[in-house]
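Observations on chain architecture
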Amino acid sequence: MSYITKPVFAWGIVLGTLLASTLGCSTRTAETSYELPLVEPDTSDTADPSALAMFSGTFSSTDSVDDWPALFGPLRTSHTDTSVNATWPSSGPKLLWEVEMGTGYGSPVVAEGRVIVNHRVGDEEIIQCHLVSNGELVWQHRYETTATCDVEYSDGPYSTPVIDVDDRQVFQVGGQGQFYCLDFDDGHVVWRRDLHGDYEVEEGLFPVGASPAVDGDQLIFNIGAGARNAGVIAMEKDTGKTLWEATTHGAGYCSPFVTTIHDQRFVFVITDKGLVSLNPDTGSVDWEFEHRSKAPMSYNAVSPLVYNDKVLAVTGPGPGAICVQVMPERSYQVAWKDRRVIDCQYNTLMLHKGLVYSFTSAGQGGAEFRCVEFETGKLRWRYHSILRRGQGLIAGEALLLLGERGHLASLLCDGEEARVLSFTKEPIMSEPCYGAPAVSGTRLFLKDEVRLAAFAVE
């Protein structure tokens, strides 16, 4: 059985690895007890009648659709205003179509009635485009790879493609740093670069996992060529030409976040060392601080999140979360930090109405889903379930959550309490599920290392 609880406050010291930085004093001294039951839940939950009564019955039509063109959606906050029907039977929402997939943890992206995914079969990485309506293959591009992962994870690809609808381009990063610009309409190669070859980047334990960000006429990417003073680079979108290079950092498994604060443009990148603030127009570094786990095989894999003038950086287990406030002169102050309130390892950070929703890292007792105030770090509620570590998104007022074992659940997007709308009795996707879901109109797209599946949420 799972449990839902409000936070219980206690005085004391939380055991764990200290933040590896000199950021000053935390604004909080009292910490929350985050202990989990010793036994993980092994059964699905059922709908909360009060949640069903509160959930709106009005859902978006396919005539008004927010696309999902990049990892974490149109605004990179894992939220869309498009509302969907998040109530379904215990067997799950209706399956519309499915397509066989190979390995890889990249997520689907959607624009203009097309869904694009990447995966690997044998010694080839593949990026392909399907019609949202029926799954028909529109185009496919293949290239050779020898990327490997020597631990229990697959050999990739790990990065997620990005669609630039305005210029009808798709950007794909392979497991060995192959960077492709493809035509959105027919998939032909517009340009390509061997970034690891160009910058002499050594292969790591895992294939490349960073995803690029489209910023106007340029692409910003954490290539990790620290030895060449090119940890982060910007490339011309139409040619692939390098525009600027910055930092001595290696690569994280994250996507940059470009935004405007105090009428100034910023790009925040979480590298292998921590959070970096740069001017996206020039590549000049405003500041950087170390925020990473010192544990073996631990890497920064949670992309940064921005709300108003604050930036949230998360890595776990260990350092946890730190929120910094960006000042008008482009410096920063620490707003709050907490090693355990949000300590996810690779999971999506979902933002809605000033609240952050995300899963924790897994340990004894599994993991749990939490709601936290962005600006204060205050824990609103906790939800412990069979989902374990999961990925998710927010559509309208519904949280759609795909557990790592393949269960699909929906919760009411509510800051007061975790309220379950639906929960599949059995997994509907194949374990492990590490890719984030995508939604477009009344279609939900889920991908594992067996298939891409489209479900009706209408």
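Look a little higher up for the structure.
Heads up: these notes are all about the structure in this document.

Conventions used here
- Residues numbered from 1 in each chain as written.
- Predicted model: local features only at pLDDT ≥ 70, side-chain atom pairs only at ≥ 80, totals over all residues.
- Heavy atoms only, no water.
- 1 Å grid on protein atoms, 1.4 Å probe; cavity = no way out; pocket = protein on both sides within 12 Å on 5 of 7 lines; lining within 4 Å.
- Points joined across faces, edges and corners; volume = space filled by probe spheres on them.
- Nonpolar A, V, L, I, M, F, W, Y, C, P; charged D, E, K, R; others polar.
- Pairing = 2+ DSSP bridges.
- Helix = DSSP H or I, 4+ residues; strand = E, 2+ residues; numbered from the N terminus.
- Axes fitted to C-alpha atoms, helices over the stretch in contact; angles between N-to-C directions.
- Buried < 20%, exposed > 50% of the residue type's maximum accessible area, 1.4 Å probe, protein only.
- Phe/Tyr/Trp six-rings, centres within 6.5 Å; stacked < 30°, edge-to-face > 60°.

Right, let's get into the layout of surface pockets. A volume near 750 Å³ is recorded for the largest pocket. Forming the walls of the largest pocket are 35 residues, and the residues nearest its centre are Tyr105, Tyr253, Ala301, Gln345 and Tyr346. Here the lining of the largest pocket is built from residues that sort into 17 nonpolar, 16 polar and 2 charged.

With antiparallel pairing, the 4 strands of this open sheet are ordered in space as S10-S11-S12-S13. Taken across any chain shown, the strands that pair with only one partner, and hence form the sheet edges, are strand S10 (162-164) and strand S13 (189-194). On average, each strand axis in the sheet is inclined to that of its neighbour by 15°, with strand direction left out of account. Note that strand S11 (residues 169-173) and strand S12 (residues 178-183) share 5 bridges and pair antiparallel. By the bridge assignment, Val173 is partnered in S12 with Phe179.

This paragraph deals with unusual backbone geometry. Cis geometry is adopted by the peptide bond preceding Pro157, which originates at Gly156 and carries an omega value of 5°. Here Pro157 lies in the loop between strand S9 (137-144) and S10. Positive phi is not limited to glycine here, since Asp263 has a value of about 60°. Within the secondary structure layout, Asp263 lies in the loop between strand S18 (257-261) and strand S19 (264-270). With a relative accessible area of 79%, Asp263 lands in the exposed category.

This part takes up the sheet that holds strand S24 (residues 320-326). Read from one edge of the open sheet, 4 strands run S22-S23-S24-S25, paired in antiparallel fashion. One side of each edge strand has no neighbouring strand; the edge strands of this open sheet are strand S22 (305-307) and strand S25 (332-338). Ignoring which end each strand starts from, the neighbouring axes of this sheet average 25° apart. Where strand S23 (residues 310-315) and S24 come together, 6 bridges link them in antiparallel fashion. Note on S24: the bridge partner recorded for Val311 is Val324.

In this section: the packing of aromatic side chains. Counted according to the given criterion, the structure contains 24 aromatic pairs. Centroid distance Trp287 to Tyr332: 4.4 Å. Interplanar angle 45°. Geometry classified as tilted. On the criterion of sequence distance, the pair formed by Trp287 in strand S21 (residues 285-290) and Tyr332 in strand S25 is long-range, its members being 45 residues apart. Residues Tyr357 and Trp381 carry aromatic rings whose centres are separated by 6.0 Å and whose planes lie at 50° to one another, so their mutual orientation is tilted. With Tyr357 in strand S27 (residues 355-359) and Trp381 in strand S29 (residues 379-384), the pair connects residues that are 24 residues apart, well separated along the chain. Overall, the relative accessible area of 1% leaves Tyr357 in the buried class. Ring pairing ties together the aromatic residues Tyr105, Tyr153, Tyr158, Phe206, Tyr253, Tyr299, Tyr346 and Tyr434, which thus form one cluster.

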